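One letter stands for each residue in the lines below.
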Amino acid sequence: MKLKNSLVIIILLVFAGNAHAQWKNEKANKDTKIWRYDIECEGIAKQGSKLVKVWSYSKNPKHAISHAMKNAIHGIIFKGYAGGGQGCTSLKPLVKSAETEEKFMAFFDTFFMDGGEYLKYVSAATDGNIAAGDRLKISRREYKIGAVVNVQFDQLRKRLESEGIIRGLTSGF
């Protein structure tokens, strides 16, 4: 009987741990799901890539950091960025209309899931540490965190072309 009770307690503890982890992940997604971020060119990257800094907003700095790569891909696809110093030129978004985003909503929902395919096209450009000037407390309850990431732009473009979301560069005007 004691063994049976111990087994039930262990199962309940494992279930509670998984539920807590899922709740934290959902909270992080809710915190950043509204796609509130800023994106800017950080400098020249390897050919076929874009080096960007993403400023993510969150009540918890850990959430902003974990979603920087997701925000970078979203920014390249839907926002683009202005040119500036460090040899940067402006970049127009790959998807230029809200209708396209709505039409392919199922694809993007899956693509941007936690652990989703977007991770194939992005990597951290630093060791994961955030510079002191890139962690800003902007209110009593919110942070603005800057993270530099490398986006595999050409590969991302090819993927969106193969899905029929955007037209290829060689397609007619």
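Preceding this paragraph is the structure being described.
These numbers were taken from a predicted model, which means no experiment stands behind them. (Residues numbered from 1 in each chain as written. Predicted model: local features only at pLDDT ≥ 70, side-chain atom pairs only at ≥ 80, totals over all residues. Heavy atoms only, no water.)

S.K.: I keep staring at the state of the cysteines and nothing clicks. Help me out?
M.R.: By definition, a disulfide links the sulfur atoms of two cysteines through a covalent bond. For the coordinates displayed, the defined rule picks out one disulfide. Note on cysteine connectivity: Cys41 is disulfide-linked to Cys88, with sulfurs 2.1 Å apart. In this structure, the disulfide formed by Cys41 and Cys88 twists by about -75° around the S-S bond and is classed as left-handed. One end of the pair, Cys41, is in strand β1 (residues 37–43); the other, Cys88, is in the loop between α3 (68–78) and α4 (98–103), and 47 residues separate them in sequence. Residue Cys41 is classed as buried on the basis of its relative accessible area of 14%. Relative accessible area serves as the criterion here: at 10%, Cys88 is assigned to the buried category. (Disulfide = S-S within 2.5 Å. Helix = DSSP H or I, 4+ residues; strand = E, 2+ residues; numbered from the N terminus. Buried < 20%, exposed > 50% of the residue type's maximum accessible area, 1.4 Å probe, protein only.)

S.K.: Can you walk me through helix α6 (residues 153–162) in this structure?
M.R.: For an α-helix the count is 3.6 residues per turn, leaving residues at separations of three or four pointing the same way. Among all positions in α6, only Phe153, Leu156, Arg157, Arg159 and Leu160 are buried. An end-on view of α6 places all buried positions within 160° of arc, on one side of the element. In α6, the exposed residues that point more than 90 degrees away from the buried face are Lys158 and Ser162. Elements that come into contact with the buried residues of α6 comprise β2 (50–58), α3, α5 (105–111) and β5 (142–151). In the stretch just after α6, Gly164 is the one whose phi turns positive, near 80°. (Arc of directions from axis to C-beta. Contact = heavy atoms within 4.5 Å.)

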